[in-house]
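Overview (structure and organization)
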Amino acid sequence: MIQDLLHSETWMDVRTWRELFADSLTPVHVSVLSVVTPLTSLLERKYGMKLDVHVHDQFVDDMSEQEARLLKMEQGERCLRRKVSLLSRGEVMFDAESVLPLDVLPVTLMAELEAGKRPLANLLSDQGLLLSRSNLNIAQVKDDGFYALCWSRRSVLGSTSGAKALVTEVFHDAIWRKIQYFIQR
């Protein structure tokens, strides 16, 4: 779903992205794409947007070379790959793919992930795990298929327990329209 599409995209760190696109970025784009706390919390707290998770697929897989490098792991190590869409009132706001190394994945988190009801960052936070987000990179996805032209971001989530995940998100135009609606109400 996402990873195949984004392997060929040009990723830039968030500072470079802000500089290059400063003239065309709205404050909403900057706050959503560069947030380092759980995005779903920001969307709910700041804009009143509640999100539901739709799990497309979740399976054990081998990490690619690029994923392993970003997670500071070895290529081919086993991981849980989770592909979801986050929806507001039935409309997809963004898609996300998470790659979680199995050897540092807490058993309690695995059970919550299998239930498929909550976003990853919220699950980590609710388990009392302090989160950090590193390697925040942003790209513009250009594709004639499912994604016309939209923003994407990729980052590594880490917790104090040692759990970590590479998270890639692709934002649909619907999220910007919905946020604008909530701002104007």
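The preceding data block contains the structure.
Residues numbered from 1 in each chain as written. Predicted model: local features only at pLDDT ≥ 70, side-chain atom pairs only at ≥ 80, totals over all residues. Heavy atoms only, no water.

**A look at the pattern of salt bridges**
For the record, the criterion: Salt bridge, as used here: a side-chain nitrogen of Lys or Arg that lies within 4 Å of a carboxyl oxygen of Asp or Glu. Think of it in three bands: residues with accessible area under 20% of the maximum for their type are buried, residues over 50% are exposed, and the middle band is partly exposed, with areas taken using a 1.4 Å probe on protein chains only. Only DSSP runs of H or I with at least four residues qualify as helices, and only runs of E with at least two residues qualify as strands; both kinds are numbered from the N terminus onward.
By the definition in use, this model includes eight salt bridges. For Glu 44, the salt bridge identified is with Lys 50, shortest N-O distance 3.2 Å. Judged by relative accessible area, Glu 44 falls into the partly exposed class, the value being 41%. Residue classification places Lys 50 among the exposed positions, given a relative accessible area of 57%. Here Glu 169 ties to Arg 153 by a salt bridge, and the two come within 2.5 Å at their closest N and O atoms. Of this pair, Glu 169 sits in strand 7 (residues 164–171) while Arg 153 sits in strand 6 (residues 149–159), placing them 16 residues apart in sequence. Accessibility assignment for this pair places Glu 169 and Arg 153 in one class, buried. In this structure, a network of salt bridges that share partners links the residues Asp 61, Glu 67, Arg 81, Lys 83 and Glu 97.

**Details of the packing of aromatic side chains**
To keep it simple, the criterion reads: Only rings of Phe, Tyr and Trp enter the pairing, Trp through its six-membered ring, and a pair is recorded when the two centres are within 6.5 Å. The plane angle decides the type: under 30 degrees is stacked, over 60 is edge-to-face, the rest tilted.
With the rule as written, the count across this model stands at five aromatic pairs. Ring geometry for Phe 21 and Trp 151: centres 5.0 Å apart, planes at 90°, overall edge-to-face. Of this pair, Phe 21 sits in the loop between helix 2 (14–20) and helix 3 (27–34) while Trp 151 sits in strand 6; the two residues are 130 residues apart in sequence, bridging distant segments of the chain. With relative accessibility at 21%, the residue Phe 21 sits in the partly exposed group. Centre to centre, the rings of Phe 171 and Trp 176 are 6.0 Å apart; their planes meet at 35°, and the pair counts as tilted. On the basis of relative accessibility, which here comes to 0%, the residue Phe 171 falls in the buried class. An aromatic cluster is built from Trp 17, Phe 21 and Trp 151, whose rings are joined through pairwise contacts.

**Things to note about the side chain of Arg 153**
Selection criterion: Two N or O atoms form a polar contact when they lie within 3.5 Å of each other; inside protein one atom must be a possible hydrogen donor and the other a possible acceptor, and for residues adjacent in sequence the pair counts only when both atoms belong to side chains.
The class of Arg 153 is buried, set by a relative accessible area of 0%. Of note is the side chain of Arg 153, whose polar atom sits 2.9 Å from the backbone oxygen of Val 35. Here the side chain of Arg 153 touches Glu 169 through a polar contact of 2.5 Å, side chain to side chain.

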